[in-house]
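# Results of the structural survey
For reference, the chains in residue letters:
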Amino acid sequence: MKKIFVTGGAGFIGSAFIRLVLEETPDIEIINYDALTYAGNLENLQGLDATRHRFVKGDICDKETVLRNLPEETEAIFNFAAESHVDRSISSASEFVTTNVLGTQILLDAARAKNVVRFVQISTDEVMGSLPEDDAAVFNESSPLKPNSPYAASKAAAEHFVRAARETFGTDTVITRCGNNYGQRQFPEKLIPLMIANALNDESLPVYGDGRNVRDWIFVEDHARAVWLAYAKGKAGGIYNIGAKNERRNIEVVKAILDALGKPHSLIKFVADRPGHDRRYAIDAALAGNELGWKPQTRWEEGLRKTVNWYRENQDWVNRIRNGAYRDYYREMYGAGLKSL
Ligand code: NAD
Ligand code: TYD
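Keep in mind the model is a prediction, meaning the values are calculated, not measured.

So, on to the sheet that holds strand β11 (residues 247-249). Across the sheet, which stays open at both edges, the three strands sit in the order β7-β9-β11 with mixed pairing between neighbours. Of all the strands in the sheet, just β7 (180-182) and β11 have a single pairing partner and so form its edges. Taking the axes of each pair of neighbouring strands and ignoring which way they run, one obtains an average angle of 50° across the sheet. When β7 meets strand β9 (residues 214-219), the two strands line up parallel, connected through three bridges. Paired with Y182 across the two strands is F219, which belongs to β9.

Around ligand 1, the surrounding shell holds 28 residues, and the nearest of these are I13, D34, S84, Y151 and K155. Within the backbone of G11, an N or O atom sits 3.0 Å from an oxygen atom of ligand 1. For ligand 1, whose unbound accessible area comes to 840 Å², protein coverage reaches 96%. For the shell around ligand 1, the secondary structure elements donating two or more residues are α1 (12-24), β5 (118-124), α5 (150-169) and β7. No other element matches β5, which puts three residues into the shell around ligand 1. Across the shell around ligand 1, the residue classes break down as 13 nonpolar, 12 polar and three charged.

Before going further, it helps to spend a moment on the packing of helix α6 (residues 191-200) against helix α8 (residues 250-261). Running from N to C, α6 and α8 point in directions that differ by 40°, and their axes come no closer than 10 Å. Taken as axis vectors, α6 and α8 run oblique relative to one another. In the packing of α6 onto α8, the handedness of the crossing is right-handed. When α6 is examined against α8, the residues L191, I192, M195, I196, A199 and L200 are found in contact with a partner set consisting of N250, V253, V254, I257, L258 and L261.

Time to look at the site of ligand 2. Taken together, 20 residues form the shell around ligand 2, and within it E126, P206, R215, R274 and H277 come nearest. The contact in question runs from an oxygen atom of ligand 2 to an N or O atom on the backbone of L191, over 2.8 Å. Burial of ligand 2 by the protein amounts to 97% of the accessible area it has alone, namely 510 Å². Elements with a contribution of two residues or more to the shell around ligand 2: α3 (86-91), α6 and β8 (205-208). Split into classes, the residues belonging to the shell around ligand 2 amount to nine nonpolar, five polar and six charged.

Before going further, it helps to examine empty space enclosed by the protein. For the structure on display, the rule yields one cavity of 30 Å³ or more. In terms of lining residues, the largest cavity is bounded by A197, L200, N201, Y311, Q315, V318 and N319. With three residues, the top contributor of residues to the lining of the largest cavity is helix α11 (residues 315-322). Residues that form the lining of the largest cavity fall into these classes: four nonpolar, three polar and no charged.

Attention shifts here to the domain arrangement of the protein. If you check the domain split of the protein, you get domain 1 (2-181 + 216-242) and domain 2 (188-215 + 246-281 + 299-334). Computed over C-alpha atoms only, the centres of domain 1 and domain 2 are separated by 25 Å. The partner domain 2 presents 30 residues to the 28 residues of domain 1 that form the contact. Of the roughly 2500 Å² buried between domain 1 and domain 2, counting both surfaces, carbon and sulfur atoms make up 47%. Our enumeration of links across domain 1 and domain 2 arrives at seven salt bridges. The closest approach of N and O atoms between R274 and D87, which form a salt bridge, is 2.7 Å. Only α3 and β9 provide two or more residues apiece to the side of domain 1 that touches domain 2. With four residues, α3 is the single largest residue contributor to the side of domain 1 that touches domain 2.

Conventions used here
Residues numbered from 1 in each chain as written. Chains lettered and ligands numbered in written order. Predicted model: local features only at pLDDT ≥ 70, side-chain atom pairs only at ≥ 80, totals over all residues. Heavy atoms only, no water. Pairing = 2+ DSSP bridges. Helix = DSSP H or I, 4+ residues; strand = E, 2+ residues; numbered from the N terminus. Axes fitted to C-alpha atoms, helices over the stretch in contact; angles between N-to-C directions. Near = heavy atom within 4 Å. Polar contact = N/O pair within 3.5 Å; in protein donor to acceptor, adjacent residues only side chain to side chain. Areas by Shrake-Rupley, 256 points an atom, 1.4 Å probe, with all protein chains shown as cover. Nonpolar A, V, L, I, M, F, W, Y, C, P; charged D, E, K, R; others polar. Parallel < 35°, antiparallel > 145°, perpendicular 65-115°, else oblique. Left-handed = near helix turned anticlockwise from the far one by under 90°. Contact = heavy atoms within 4.5 Å. 1 Å grid on protein atoms, 1.4 Å probe; cavity = no way out; pocket = protein on both sides within 12 Å on 5 of 7 lines; lining within 4 Å. Points joined across faces, edges and corners; volume = space filled by probe spheres on them. Domains from an automatic or database assignment. Buried area = accessible area lost by both parts, 1.4 Å probe. Salt bridge = Lys/Arg side-chain N within 4 Å of Asp/Glu carboxyl O.

Here it is in structure tokens:
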């Protein structure tokens with residue numbers, strides 16, 4: 001059995017990745033290292049094969065605990081752990097610097113100390129900033145890093161430390177930069193699960209600004225597969241953009257959710273814009289296609305239907321989150337005007 005060390009595996013994408021690896025790769029054993037912040041949820045790990053998956057509660061910024069739990073000559077570290085929400089980074093950036101930058105460096109040091117074979121950093125297209133609206137421009141691997149939000153800045157900084165480990169110490173690194181993910185088990189503060197959850201409760205759907213911002217959406221399982229292929233087939237020092245050629249304006253996404261649930265468009269409420277709101281993301285994933293043999297398998301209509309159905313069938317999952325730590329933040333963000341809170 002080969003051992004891999006996955007950080008942030010109790011979150012949205014990390015848990016989808018673990019599920020995929022356990023299902024498709026029989027000779028892999030996973031150590032899932034996660035601090036269980038507000039976004040980490042052990043319910044996301046229900047039903048996993050316990051003989052090949054071991055959960056460890058730990059912070060990536062805690063060097064001793066990382067070193068104690070990281071086996072010598074682990075095949076790979078997959079660093080999914082992060083503070084991941086742009087709006088939170090605007091309210092308070094320091095946790096983003098701590099986890100996303102310092103935490104990544106601590107993992108890089110640990111990788112070197114324990115002779116880890118490969119370090120895979122899960123990054124984001126947001127490190128490359130914003131593209132003009134109604135334009136053919138897309139992000140590729142040579143686009144300059146121009147992060148605009150504190151979240152994006154922290155992920156870009158992490159990428160620099162990954163690069164520095166490679167250049168300075170010869171660490172075998174791979175970076176993936178993916179667009180906006182959607183799918184089951186996404187924390188309901190991000191656009192798609194928030195809108196589904198609100199619509200199911202007949203609450204208003206807060207759309208920032210004019211709603212014309214564009215995101216390039218990808219189904220979470222397609223991203224998870226791309227990360228695995230980047231590990232298995234990526235070049236040392238490689239950077240791979242991951243996207244499904246699925247640009248959508250926010251307002252179009254929100255209307256599609258309301259239509260899927262049979263709810264009226266009158267639930268949409270335009271609210272103040274996000275400061276520094278990136279206008280458009282669009283990804284050229286040709287390199288991942290050519291070098292990794294990756295291509296997305298889930299069409300938007302199918303992925304959105306699966307996602308909406310999952311949230312409809314798992315309203316208790318959302319309600320448990322909303323009734324817990326998330327409630328105060330949600331009130332602060334959207335005021336008390338939302339019925340179920
Ligand atoms: P998430 O917020 O759902 O999950 C993050 C997980 O990391 C949680 O389980 C949390 O408990 C854990 N975590 C946070 N701080 C930690 C720490 N200090 N030590 C250990 N664990 C910690 O995030 P996600 O949406 O699953 O994103 C996973 C990764 O993918 C992140 O690195 C993010 O930047 C990147 N990414 C996300 C998207 C997206 O659309 N969600 C797109 C591209 C890249
Ligand atoms: P989000 O899911 O926070 O992801 P990111 O900021 O990383 O792209 O937001 C996706 C888009 O949806 C972004 O343009 C901001 C917008 N948005 C809203 O209009 N209303 C909301 O309540 C949220 C959370 C996001």
